[in-house]
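Now for the letters of each chain:
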Amino acid sequence: MSAVQTTSQDDTRKRGPLAEVFFSLLRSRTFLVGLAIVLFWVACALFGERFAPYDPLADDIINALAPPSREHWFGTDQIGRDVFSRVIVGSRDILTVAPLATLLATVAGTALGLLTGYFRGIVDDVVSRILEAFMAIPVVIVALLAIVALGTSKTTVIIVIGLSFAPIIARTVRSAVLAERELDYVAAAQLRHESALHTMFVEILPNVIPPILVETTVRLGYAIFAVATLSFMGFGIQPPSPDWGLSISSNYGMIGGGFWWTVLFDALAIASLVIGVNLAADGVHGAFND
Amino acid sequence: MTEPAVAKNALELRDLSVAYRVAGRNRAVLRNLSLTIGQGEAYGLVGESGCGKSTVALTVVRYLPRNGSISGGAISLDGQDVMKLDAEALRRARAESVSMVYQDPGKALNPSIRIGRQLTEIFELGGITGQAATDRAIAMLNRVRISDPPSVMQRYPHQLSGGMQQRVAIAMALANDPSMLILDEPTTGLDATVEAEVLDLIAQLRRELSASILFISHNLAVVSNMCDRVGVLYAGMLVEEGPTEVVFNDPRHPYTVALLRCLPRGGQRKDQGRLDTIPGFLPGIGAVIKGCAFADRCALADDRCRTELPPLYELSDERGTRLSRCFHHDKAQSLPRATPADVAPAPKPASAPVLRVAGLNKTYASHGYPLRAVKDVSLDLRPGETLGLVGESGSGKTTFARLLLGLVPPDAGGTIELEGKALAPKLENRDDDQVKAMQIVFQNPDSALNRSHSIRHLIGRALKRLAGLRGAALEARLNDLVRSVRLTDRHLAVKPRQLSGGLKQRVAIARAFAGDPRIVVCDEPTSALDVSVQAAILNLLADLQSKEDVSYIFISHDLGVVRYLSDKIAVLYLGRIMELGPLEDVFSGPHHPYTEALLSAVPKLDQTETARIRLDGEIPSATNPPSGCVFHTRCPRKIGSICEQQEPPLAEAQPGHSIRCHIPYAELARLQKTAVAEPA
Ligand SMILES: Nc1ncnc2c1ncn2[C@@H]1O[C@H](COP(=O)(O)OP(=O)(O)OP(=O)(O)O)[C@@H](O)[C@H]1O
Ligand code: SF4
Ligand code: SF4
Ligand SMILES: [Mg+2]
């Protein structure tokens, strides 16, 4: 046995950077709380029907607008549907549309960010100007135009939100790529005559994953909010879906009559989901920037 | 020394132990370290990266990072027990009696505050305000030999060069007349000429002030020039200590012996023998050390060494007292070499040049002004030959390398010929064979190796693209290549950050050699490495060269290293070749006045050379180069107005040896001979 335990590296360096991030996520209370909230709503979206006491779509005119009671914990709406059951199942559409929109934004934004950051120069100037112009248009106007062009559907919402968030993600990715671009491994790739695509996607992309992940989780929070807003305005998700935004939109006229329960619980649901995602996003951000 | 009453030491560390908490465990970094620095003494601390030098510096002022803790021992500064000081007393000690200068002057200077404000602030803390503070600040800048202090006071740190920033940092450190000055690698990031200037400054200040100095460096030569006594640190323990000259000329610990042998000394060259190396690694922090910490890497180790901690033997003779932590200190110098010195016969460079560069220029645009980064460079290179490229930072070395590689396109007009065929200026337009024929080893492997890829992928991809190999053939060649740079299979699966700096640089070398290149550019390939690792990399480069007959373009600011590997030298200044010739001619002279200054700026281990030529001032801006000879603003040998009016041609003084200077060759020979002869 040798007397000295020689190690070629410090023990601290043994864990990979992603594993490091993972462990610090597990230690972050913010992240865990956020994750718990999100997972709760995901479970509702997947299995809500099983534990909802009523069919969320079944009307019961005789019991319309009943206040919260033992039978209907959250009361019933204008046509007697059980609000509790609707809130539970109502996460389904938003939890499909918002993540898909975010995914679209991430994919498009990453591609644009890689392109502008890698080629710099004229490509960057032109594309960046276009994206800036695009970012200056309010989402609502984009939405209106898209609805005129594509008709109203979930796909339209995904495209509208995806495209309006893509430039924001592109901006983050671009600045990360610009920094990577200066590193010598990019020159080394050029000295192997690698194609631009290879250099962008195989060499640079893996190194800009952390900022992309952070930006994506942040955007997801905004996307949820945006989906809810759009369905409140009547774009995208259509009746009879128990979607939260949609429910608020069709019931908010009732508040004046004192039927607060038709709106409050949906609003709380939206708020809790947005908060959950934002907490998780904060946690992710913290873990990558420790 | 005149007051025997003040016999107390400037700094005393007694049995100091320090640990860093990592992953929930305290890991020892300093182990029972004791050392003493006398009043007015300069003490050097040397050792490989990670041995704990900076930790010593931080501990003295109790500036350890949050996870660091002092687990035992005592520190006394000027007789004051640092461990017992309360927060207020500690603050006062830091402000008044100890000052620190770091490797990176950026750390000491606030980028968003003007220099003047940063300096006066220090005096204001001490109660001096207004005009008085400004006057003191100007006096400080004068003291660190900064010309035109009022204008410098108006500038922000980024508007100063590295050397000037470091001088400002020193000025700030000296502002309160500290009794103890701690310098942690103060010149490591600087050019040789700037380094020499900063070292001169520190040496002069030492004479003017009474401050004691703790000087930390991994550069043995720098320490040997600066310090009275030196301590060699290994794994947080003192392994040898004594008067600098004695330790460096007659080391008594195998580790010191090995460190000194890693340096190319006395003009040693690649065809005269390989450098010695130190096998293995420094024990990691917190390692359990039972016997001698160096035993794993020591060829003299016996069973006793492995089980029993050697005490610090005190060896005194007429040259002073020194300490060695080795059972076999008496035969330390008989340490067998770790790397045999024999070399393969040098290739005979008789063939046609592989590379021929003619009239190469590169002009960048800088704020609307043209910046001539490379001006009218012509040279050629034979197979198996190394061209050493030297010059201060900003002289155009890296730009020239990038032009050759096609990473930046040159101005129209110049030509680059590879094996007789003209190369397209842009990399995209060169064919695959031309691309693989010229590769590079970058200075910083962290930047050059993609951190997301495994070593296998990094080298494998290069083999696929450059050598066109697939499948089993690729595997076979990969194994060969990995072995030829002395890595093992075990390294293949890991990512770069799991390797040490030296191992990473081997990966970069393997990658450059993947396509059997004709020319490899080495841009400061060892400047981030410890001397022991540097020696191994230089040996590797020399071996690969004699095996593959590859040519190198070797860029380094370390002239000893350049000399070891080069056959030919080009000296660049403001993008122009000032001197070009065979290694021996350029080094032994007569040489260009600029080369002369560069050579005399190099700190040497054996302080035999006495003539020292210093360059004043900064390298002029390349957007606005001086008229006539571009070197005339700093030339110690300037002969008159002709130097300011006419640019001298690069004239061939002897076959193959060209110099760009108005002074005739014979006259240079006469001037430089007397310079060496006359005592300083
Ligand atoms: N805050 C820290 N937490 C954990 N380990 C640390 C910390 N700071 C330094 N270390 C480790 O402690 C050891 C000694 O570090 P130190 O910086 O004192 O070495 P050094 O001799 O100054 O090296 P260099 O020549 O690279 O500056 C190294 O292994 C280093 O990785
Ligand atoms: S004590 Fe033994 S192992 Fe340690 S340096 Fe001396 S000879 Fe080498
Ligand atoms: S030409 Fe004049 S200024 Fe230039 S190097 Fe020669 S002596 Fe010095
Ligand atoms: Mg250090």
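Predicted, not measured: the structure shown is a model, and the values here were computed from it. (Residues numbered from 1 in each chain as written. Chains lettered and ligands numbered in written order. Predicted model: local features only at pLDDT ≥ 70, side-chain atom pairs only at ≥ 80, totals over all residues. Heavy atoms only, no water.)

Asker: Explain the site of ligand 2 to me, using residue names and the numbers behind them.
Answerer: Close to ligand 2 lie 13 residues, the nearest being Cys 292, Cys 298, Cys 305, Cys 326 and His 328 of chain B. Considered class by class, the residues forming the shell around ligand 2 number 11 nonpolar, two polar and no charged. (Near = heavy atom within 4 Å. Nonpolar A, V, L, I, M, F, W, Y, C, P; charged D, E, K, R; others polar.)

Asker: If you had to explain the pattern of salt bridges to someone new, which residues and values would you point to?
Answerer: All names here are of chain B. All told, the structure shown has 52 salt bridges over all chains when counted by the stated rule. For Arg 456, the salt bridge goes to Glu 475, with nearest N and O atoms at 3.2 Å. In this pair, Arg 456 is assigned in helix α16 (residues 455-466) and Glu 475 in helix α17 (residues 471-484), connecting sequence segments 19 residues apart. Its relative accessible area of 37% is what places Arg 456 among the partly exposed residues. Judged by relative accessible area, Glu 475 falls into the partly exposed class, the value being 33%. (Salt bridge = Lys/Arg side-chain N within 4 Å of Asp/Glu carboxyl O. Helix = DSSP H or I, 4+ residues; strand = E, 2+ residues; numbered from the N terminus. Buried < 20%, exposed > 50% of the residue type's maximum accessible area, 1.4 Å probe, protein only.)

Asker: So, the site of ligand 1: which residues are in play, and what are the values?
Answerer: Residues and elements named next belong to chain B. Surrounding ligand 1, one finds 16 residues, the nearest of these being Ser 49, Gly 50, Ser 54, Thr 55 and Asn 67. Contact distances for ligand 1 include 2.7 Å between an oxygen atom and a backbone N or O atom of Gly 50. Between an oxygen atom of ligand 1 and a main-chain N or O atom of Cys 51, the distance comes to 3.3 Å. Expressed as a share of its isolated accessible area of 630 Å², the protein-covered part of ligand 1 is 72%. Counting only elements with at least two residues in the shell around ligand 1, the list comes to β1 (11-22) and α1 (53-60). In terms of residues, the shell around ligand 1 owes the most to one element, α1, which gives three residues. (Polar contact = N/O pair within 3.5 Å; in protein donor to acceptor, adjacent residues only side chain to side chain. Areas by Shrake-Rupley, 256 points an atom, 1.4 Å probe, with all protein chains shown as cover.)

Asker: Kindly report on the interface of chain A and chain B, identifying the contributing residues and their values.
Answerer: Listed by partner, the interface residues are 32 residues for chain A and 44 residues for chain B. The contact between chain A and chain B buries some 3200 Å² in all, and 50% of this surface belongs to carbon and sulfur atoms. For the chain A face of the interface with chain B, the top three residues by lost area are Leu 191, Arg 192 and His 193 of chain A, together amounting to 24%. Between Asp 184 of chain A and Arg 402 of chain B there is a salt bridge whose closest N-O contact spans 3.3 Å. (Contact = heavy atoms within 4.5 Å. Buried area = accessible area lost by both parts, 1.4 Å probe.)

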